[in-house]
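# Coordinate analysis (summary)
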Amino acid sequence: MESLDQRLVSSWFHGHSSVPPTYVQPLESRPGCRFMSPSCMSIPVIDLGDRHNDRADTIKHILKASEQYGFFQVINHRVSKDLVEETLNVFKEFHAMPPKEKVNECSKDPIGRCKMYTSSENYEKDAIKYWKDSLTHPCPPSGEYMQYWPDKPTKYREVVGKYTQEMRKLGHEILELLSEGLGLDPSYFHGKLSKNPQVLQHHYPPCPEPSLTLGIAKHRDTSIITILLQEQDVQGLQVLKDGEWLRVDPIPNAFVVNIGLLLQVISNGRLVGAEHRVVTNSTMARTSVAYFIYPSLKTIIEPAQCLLNNGTTLPMYKSMPFGEFRTSFLAKFPKFEEELRFK
Ligand code: OGA
Ligand code: NI
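Quick look at the structure, then. All of these numbers come straight from a predicted model, not from anything done at the bench.

## Points about the coordination of the nickel ion (ligand 2)
Note on the nickel ion (ligand 2): its protein donors are His 219 (NE2), Asp 221 (OD) and His 276 (NE2). The metal-donor distances range over 2.0 to 2.1 Å. Donor residues for the nickel ion (ligand 2), ordered by position in the chain, follow H-x1-D-x54-H. With Asp 221 in the loop between β6 (216-219) and β7 (225-230) and His 276 in strand β11 (residues 276-278), the pair connects residues that are 55 residues apart, well separated along the chain. Look at Asp 221 and you get buried, because its relative accessible area is 5%.

## Observations concerning the environment of Cys 114
Relative to the helices and strands, Cys 114 resides in the loop between α5 (99-105) and β3 (115-118). For Cys 114, a relative accessible area of 4% translates into the label buried. When neighbours within four sequence positions are excluded, Cys 114 is seen to be in contact with Cys 106, Asp 109, Thr 136, His 137, Pro 138, Tyr 145 and Tyr 148.

## Focus: the sheet that holds β11
With antiparallel pairing, 4 strands are arranged side by side in an open sheet as β6-β11-β8-β9. Strand pairing shows two members of the sheet lacking a second neighbour, β6 and β9 (244-247), which therefore form its edges. For this sheet the average axis-to-axis angle between neighbouring strands, irrespective of direction, equals 25°.

## Digging into the site of ligand 1
Taken together, 13 residues lie around ligand 1, and His 202, Tyr 204, His 276, Arg 286 and Ser 288 are the ones closest in. Coverage of ligand 1 by the protein amounts to 95% of the 290 Å² it exposes when considered alone. Counting residues per element, the ones that place at least two in the shell around ligand 1 are β5 (198-204), β6, β11 and β12 (286-292). Within the shell around ligand 1, the residues separate by chemical class into 7 nonpolar, 4 polar and 2 charged.

## Looking at the pattern of salt bridges
For the structure shown, the criterion picks out 21 salt bridges. Lys 169 is the salt-bridge partner of Glu 166, the closest N and O atoms lying 3.0 Å from each other. One end of the pair, Glu 166, and the other, Lys 169, are both in helix α6 (residues 156-182), 3 residues apart, so they sit about a helical turn from each other. What makes Lys 169 exposed here is its relative accessible area of 55%. In this structure, Glu 337 engages Arg 220 in a salt bridge whose closest nitrogen and oxygen atoms are separated by 2.4 Å.

## Here we look at the packing of helix α4 (residues 81-95) against α6
One way to put it is that α4 packs onto α6 with a least axis distance of 9 Å and a crossing angle of 130°. When the axes of α4 and α6 are compared, the pair comes out oblique. Considering the relative orientation of α4 and α6, their crossing is left-handed. Together, Leu 83, Glu 86, Thr 87, Val 90 and Phe 91 of α4 and Tyr 156, Val 159, Val 160, Lys 162, Tyr 163 and Glu 166 of α6 make up the contact between the two elements.

## As for the packing of helix α3 (residues 55-68) against α6
Where α3 meets α6, the axes come as close as 9 Å, and the angle between the chain directions of the two elements is 85°. Accordingly, the angle class assigned to the pair α3 and α6 is roughly perpendicular. Of α6, the residues touching α3 (which contributes Arg 55, Thr 58, Ile 59, Ile 62, Leu 63 and Ser 66) are Ile 174, Glu 176, Leu 177, Leu 178, Glu 180, Gly 181 and Leu 182. Classifying every residue of the contact of α3 with α6 by side-chain character gives 7 nonpolar, 3 polar and 3 charged.

## Quick notes on the side chain of His 172
Within the element layout of this structure, His 172 appears in helix α6. In this view, His 172 contacts Phe 189, His 190 and Ser 194; residues no more than four positions away in its chain are not counted.

## Some thoughts on the nonpolar core
Membership of the largest hydrophobic core comes to 83 residues, with the highest contact counts inside it found for Ile 174, Leu 178, Ile 224, Ile 225, Phe 255, Leu 263 and Phe 325. Beyond its immediate chain neighbours, meaning those up to four positions away, Ile 224 contacts Leu 175, Phe 189, Leu 193, Ile 259, Gly 260, Leu 262, Leu 263, Ile 266, Ile 293 and Pro 295. Counting residues in each nonpolar core, the second largest holds 7 residues, with Val 9, Trp 12, Tyr 23 and Cys 207 among its members.

Here is what the cut-offs are and how they apply
- Note on numbering: residues in each chain are counted from 1, in written sequence order.
- For this description, chains carry letters from A and ligands carry numbers from 1, given in the order in which they are written.
- Since the coordinates come from a predicted model, pLDDT governs what is reported: local features require at least 70, and pairs of side-chain atoms require 80 or more to be given and counted, while whole-chain, interface and lining totals use all residues.
- Think of the side-chain values as coming from all heavy atoms in the structure, minus any hydrogens and water.
- Atoms are scored as donors when they are N, O or S and lie within 2.8 Å of the metal, with 3.2 Å used for Na, K and Ca; no water is included, so coordination may look incomplete.
- Helix and strand assignments come from DSSP, with helices taken as H or I runs of at least 4 residues and strands as E runs of at least 2, each series counted from the N terminus.
- Throughout, exposure labels follow a simple rule: accessible area from a 1.4 Å probe, protein chains only, divided by the maximum for the residue type, with under 20% read as buried, over 50% as exposed, and the rest as partly exposed.
- Here a residue-residue contact requires only that any non-hydrogen atoms of the pair lie within 4.5 Å.
- The pairing criterion for strands is at least two bridges between them, as found by DSSP.
- Axes here mean lines fitted to C-alpha atoms, for a helix over just the part in contact, with angles spanning 0 to 180 degrees between N-to-C directions.
- By convention in these notes, a residue is near a molecule or strand provided one of its non-hydrogen atoms lies within 4 Å of it.
- Reported accessibility uses the Shrake-Rupley method at a 1.4 Å probe radius. Residues are deemed covered only where the shown protein chains occlude them.
- By the convention adopted, Pro, Cys, Tyr, Trp, Phe, Met, Ile, Leu, Val and Ala count as nonpolar, Lys, Arg, Asp and Glu as charged, and the other residues, Gly among them, as polar.
- Salt bridges are defined by distance alone: a side-chain nitrogen of Lys or Arg within 4 Å of a carboxyl oxygen of Asp or Glu.
- Roughly parallel means an angle under 35 degrees; roughly antiparallel, over 145; roughly perpendicular, 65 to 115; everything else is oblique.
- The sense of a crossing depends on the near helix, which, turned anticlockwise from the far helix by less than a right angle, makes the crossing left-handed and, turned clockwise, makes it right-handed.
- Here, the term nonpolar core denotes a set of buried Ala, Val, Leu, Ile, Met, Phe, Trp, Tyr and Cys residues that are joined through side-chain atoms within 4.5 Å.

Set out below in structure tokens:
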């Protein structure tokens, strides 16, 4: 059997002028143009800058975007442009390293939370493979796990350490706005609900037949929220809105934020964990960096009590520790969401 370094799309795609059959999606999942929205439609943009800082207004916008789209972009977020650039560069340098070295750098964690993979986390089970290589690891503010992160390129730990700290601050800021909008305590998400952040970084090499493949299948994130950094010049992310795929075109110095399934549950269905996917293109590699806000495994995920109005509003979802939520989601995807809902 092939080893992981041989399986990485970045290891072999150069030699191909067509897509191997195992990467060809069935007709109904291909990124054809049929359901493409007009390019004038896009997800909302939220300005977090001081100049426009009418807080009540920002809360109104962010809540509306989260109810209607489950996706928005934030601008004027105060994360340093240089740090963002350095972060993208360090990941690009990582993927430019020899395949064996990449895999070695991601194989230090004895229980495999820091790892590299190709296609999806379930490569063996993917009947049809996805056109990407990924690397992931926890990034808690304590610095725990850092000894298992790659230390090549040499600046990896320094840069990714700084970047994930900035993501934590930005995540809290966004969650405070959402909490206030929902009527929750502003610090509702600051404790165990955001204790286990994880970074997931994707590399999508150019693909000779983008109309046949996908980089990531249609999915919802199992996070509270996700903050995504995407490269300036390469499009790929699409969001499902009212049965149509909307392109998320990169805008300068912005992050894409999306509501995860956990926040959909906690808000009792008011905010939507929207479905999204990634398409490939034939000319340029694409780099993206997702920062997922996850709870600790024992945290109970359920509609917030205070949103149930002293029992007068019925909960739409069952209660479950996050650990069980994750395991069931992976084992039962895509049926899990139905099971989670009270009939
Ligand atoms: C994800 C995701 C989008 C992207 O990692 O869950 O949706 O653009 N990534 O890479
Ligand atoms: Ni996602």
